Each structure stands twice: as C-alpha cells, then as structure tokens.
Amino acid sequence: MGSKCVYLSLIISFFLFVDIKASEPDFSWVPDLGRPNLNWINDVGAKTFVTGDDYLVPVDANSGIICTHQVQETIDKCSRNGGGRVVFQPGEYIIGSIYIKEGVDLHIGKNVTLISSTDFKDFPRSRSRIAGIEMTWPDGLINILSQENASISGEGDIDCRGKFCWDKYWTMRKDYETRKLRWIVDYDCERIRGIVVNNSKNITLKDFKIKRTGFWAIQIVYSQYCTVSGLNINNNVGGHGPSTDGIDVDSSERILIENCEIDCNDDNICIKSGRDWDGLRVNRPCEYIVIRNCTAYKGGGLITCGSETSGGIRNIVAYNLKSKGTSAAIRFKSALNRGGFIKNVYISGVLADSVDNVIVADLNWNPSYSYSTLPPEYKDKKIPDHWTVMLKRVEPEEKGYPSVSDLYIENVQSTYTRRSFANISGMSELFPLKNLWLNNLNGNAKTAGTLKNTENVYIRNFYVETEDKSSMKLSGNKNMNGEPVFNKMQNLSEIP
C-alpha cells in the first residue's frame, strides 16, 4: 500500500476512533477467563467539595513584596471559621510555602497570578517522600498536608519560577557525575515542588495553570480520594527543567485525573510506589487510579508506571488520551533493585502523534540513576542519612526483581512515530513479563521494535507500517496468541 493511502487510512481511522471510543472501556473483546473487573472505576476522586464564604487576602496586588504571611493568616482564619474560599484581587502575589487547611478552597481567580519566591529560605523543610524514599526536604510552594476536604481552584496562574532550581541542579549534576555520584544528586539538590498533597483525603485541584516548577509540578502521596481536573501544566518555558514531572501519584488510592494538558521535561502523568529498600519497607501500593481525557506534549511519557514500583502498582485505568511530541506515549519502567510489581493496568484510546516510541517496557531503566554505589573515597567518611538509605541493599537479591503482568492495551493510533512503535521486554526468560493483551494497535513508525521475554501474549488487530520496512524482533516469548503485522495496514472494516 502506498504511503498516501497509509496516511489516509490513518487519518480516517483517527477521526472514527475519536468519535467511537469516547466512553469508559470495558475490554469486552478479552476472553472471559482474562476479562477485567472494572466495577470500581467510578469510586475514585474527591467525594466532598469546599463550600462557604469568601475570605479576601488583605494584600495590595502587584506590590512586589512577599506576602506569604498574609496569605497563610487568611487560610488559617477561613479554616477556623468553618471553611470557605480564600480569594485575591486581580494581580500578582509573591509567596513562599503556604499550607491549605481543612475546609479551605484556595481560589486563584482569573487574572490572578501566584509567583514563587526564589529564595530557598522561604520553603521550610519537613519529612516527605521524594522520588521514592522518605527524607527531609523543602516543602512545596502550595501544600496540603494531613488535611481533609480542601482544594485549589480557579482559572488563574501559578508561576513557580523554577530556573533557580534548574540552574542549581545542572551545576550539581556536573560536579556529582565527575565524583561518580549521579545516583544521589537528585536527592541532594532539594528542588522545590509546585503542589504537594500528602496524607490527605477528599482533595480537589481544579482548572488553574501552573508553570516552571523547580521539581515535580503536582505530587499526590499517601493520599486517597483526590481529583485533579482541568489543569494546564507547562514546564517548558524559561529553560530546560530537569525532572519537572507533570502529575505524580505516589502510593495513593482512588485518584481521578482528567482533562489536563501537560508539557514538561520528564514523565507527564506518573504512577509511583516507592524505591528500593525504603519503598519495600513502606510497602504501600498505588492503586485504583483513573486517568482520562488528558493531553501530553513534551515529556518522558504520557502515562508512565514506575520506575518506583516497590510498593506495587495495580488497578490503573487510562483512556481517551493524546500524546504529541512525547518521548513515549505509554511507558512501564523499573529496576532490578526496586521489587514490587506493576499489574492490572488497562489503557484504552491513545492517539500518539510524533512521539519517539508508542509503547515501552524497560525493567532495567537508567542504570546510572537506578543503582547506588558509594565511591571508595567516601567509605570511611560520615555520609548523610538519605545516602545510607539509598545504599541499603535489598536482600535477598530476588526480592528486588520487579514483576510486570496483566497489561491490557487497546485502540492505539500512531502517526509519524520517530523511532520504534513498541519495545516491550520482560527482565529475562526466567522472569518474563506475563499476560499482555494487545488489541487494535494501528499506525506507522520509523522501525518496528522488539517483543521479548514474555509469557502469555494475546494479540488482535496489530498493524503497523514501518519506514525501514522492518518487522518486530521476537525472542524468548512463550505462548503467543497472534502476532503483530507490519507493512500491511488493516482495512477499516477490520476495526472492531
């Protein structure tokens, strides 16, 4: 089939796909034995929402003076009086860390911009979980810590001015790499997160825009029944922000993420559950997560599971997603000392345009970051506590091997894929990726990719046109039912 016909077929199926696949997925094509039970899909997100009177922050807009104290006093007063909305006159307000309390909606109205301080002294330090381990770290710009029924809303802006963190990181990174300390620089640098929701319940983040975060934009950790809706996250302005994830859901449950647009320099929406020995110690899964109607631009993965898998990741539903220019549309990653698992992940309806790779599964991800080794010159010296935690070995070694199973991926359309359509690999033939269900994958790519070290793979309607006319490299796969077809596009009538 000629390239024009291929692209025409893709375009037609793209629009049919958008119209047809708009509802919740049910995976009815899966045989009864493997068909998932998704009866929990509507029991996610915040169950209560803030109501009450407005409390105006008593600060002149555009004063150029940091007003953290006045904003915090207004939040505290609102909470003491039974709750309501904390509001601002239109304009700009500079703040350090603030803390939302029970019953309070921090309402960032249209034409209101909250601007971050660039002085690390304005961010108190406390115990938190950072990139998979518990340690002391600066609080975020806006924090909801051990609270219920709180929210951040409005159509305004949060400008985290993260370049002061980015510059610090790149300077430290260069120095740490020369000392063979790449594995710890992310933890030592102490960059500022945008919004932190920790140990909280019934929390809503809705409709605002946040940009230029120093580290992760939104972190939801050890929390339940939270909604993230209608956010615009843009960390690709003002420089290249390292590790500027969009939304990280970390050892939490019953979370809803919907209608968000994310442009960042690392994972766009990421599901996490702890790292290595410390993550196995905490042993808290991330589960019952729904992600829908979101779009990712630049970033490491439209939806990523891992690499922090130690507490386990399960029961994740993601559907009606778009990815444009992202490194990967769908990514699973871990490392050989993480342990834990990824299982029961259901992805339906992904439109991938100009991504590097459509689907990636890598269980030995980024070794220079993932594995901690203390250089000899430090062995007789006192080292920070979090270094000791990172260096603690998982024993026995096999406890560190992550397992990945029961992945269901359907209705994926790709155009102009810059590298491989799919690179999916279990750890080894002895530790394979198990129970992979693929249906209605269709598109084009520069090259096909690989599928190896798997067990129990079910493939239905998998057609890809490759620029180099390659087919997928298959090895170490046990019990494959069906195979991907390359360089023969499917007929539209074959789409179920």
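Everything here concerns the structure above.
Reading the values: the criteria
- Residues numbered from 1 in each chain as written.
- Predicted model: local features only at pLDDT ≥ 70, side-chain atom pairs only at ≥ 80, totals over all residues.
- Heavy atoms only, no water.
- Helix = DSSP H or I, 4+ residues; strand = E, 2+ residues; numbered from the N terminus.
- Rg over C-alpha atoms; globule rule 2.2 N^0.38 Å.
- Buried < 20%, exposed > 50% of the residue type's maximum accessible area, 1.4 Å probe, protein only.
- Contact = heavy atoms within 4.5 Å.
- Expected span 1.5 Å × (residues − 1).
- Arc of directions from axis to C-beta.
- Phe/Tyr/Trp six-rings, centres within 6.5 Å; stacked < 30°, edge-to-face > 60°.
- Lys NZ or Arg CZ within 6 Å of the ring centre and 35° of its normal.
- Core = buried A, V, L, I, M, F, W, Y, C linked by side-chain atoms within 4.5 Å.
- Salt bridge = Lys/Arg side-chain N within 4 Å of Asp/Glu carboxyl O.

**Describing the overall build of the protein chain**
- Assigned secondary structure in the protein chain consists of seven helices and 32 strands.
- Radius of gyration (C-alpha) of the protein chain: 23 Å, near the 23 Å computed for a compact globule of 496 residues.
- C-alpha atoms of the protein chain, sized along the principal axes, occupy 65 × 60 × 40 Å.
- Here the protein chain, with 496 residues, has 60% of them falling under the buried criterion.

**Digging into the environment of S354**
- On the secondary structure map, S354 appears in the loop between β26 (341-353) and β27 (357-362).
- Separated by 30 residues in sequence, S354 and K324 have C-alpha atoms that sit 5.7 Å apart.
- Excluding its chain neighbours within four sequence positions, the residues that come into contact with S354 are G325, T326, T415, Y416 and R418.

**Examining helix α2 (residues 68-80)**
- For α2, built from 13 residues, the straight-helix expectation of 18 Å at 1.5 Å per residue is met to within 8% by its first-to-last C-alpha distance of 18 Å.
- Residues of α2 that are buried: T68, V71, Q72, T74, I75 and C78. The buried residues of α2 occupy an angular sector of 160° when projected down its axis, which confines them to one face. Along α2, the residues that are exposed and aim more than 90 degrees away from the buried face are H69 and R80.
- Contacts from the buried residues of α2 go to β1 (53-56), β2 (84-87), β3 (91-95), β4 (98-99) and β5 (104-107).

**Topic: the packing of aromatic side chains**
- Per the stated rule, a full pass over the model turns up 19 aromatic pairs.
- Note on Y401 and F431: the rings are 5.0 Å apart at their centroids and 70° apart in plane angle, and the pair reads as edge-to-face. Taken together, the positions of Y401 in the loop between α7 (385-391) and β28 (403-415) and F431 in the loop between β29 (417-425) and β30 (433-466) put the pair 30 residues apart, joining distant regions of the chain.
- Judged by its relative accessible area of 37%, F431 falls in the partly exposed class.
- Between W437 and Y458 the ring centres are 5.2 Å apart and the planes differ by 35°, which places this aromatic pair in the tilted class.
- Judged by its relative accessible area of 14%, W437 is buried.
- Following the ring pairs from residue to residue traces out a cluster consisting of F27, W29, Y346, Y408, W437 and Y458.
- K168 extends its terminal NZ or CZ atom over the ring of F120, reaching a point 4.4 Å from the ring centre.
- Positioned over the ring face of F341 is K343, at 5.0 Å from the centre of the ring.

**So, the nonpolar core**
- In this structure, L106 and L205 are the most contacted members of the largest nonpolar core, which totals 97 residues.
- In this structure, L106 is in contact with I75, V86, F88, I98, I100, L114, I142, S151, I152 and S153, ignoring residues within four places of it in sequence.
- Counting residues in each nonpolar core, the second largest holds 24 residues, with I130, A131, Y169 and V185 among its members.

**A few points about the pattern of salt bridges**
- A complete count under the given rule lists 26 salt bridges for this structure.
- As a salt-bridge pair, K163 and D167 come within 2.8 Å of each other at their nearest N and O atoms. Taken as a pair, K163 and D167 lie in helix α3 (residues 163-178) at a separation of four residues, close to a single helical turn.
- Linking R182 and D186 is a salt bridge whose minimum nitrogen-to-oxygen distance equals 2.6 Å. Placement of both R182 and D186 in helix α4 (residues 182-188) is noted, with a separation of four residues, approximately one turn of the helix. Like D186, R182 is buried.
- Here the residues in one salt-bridge network are D43, K47 and R254, joined through shared partners.

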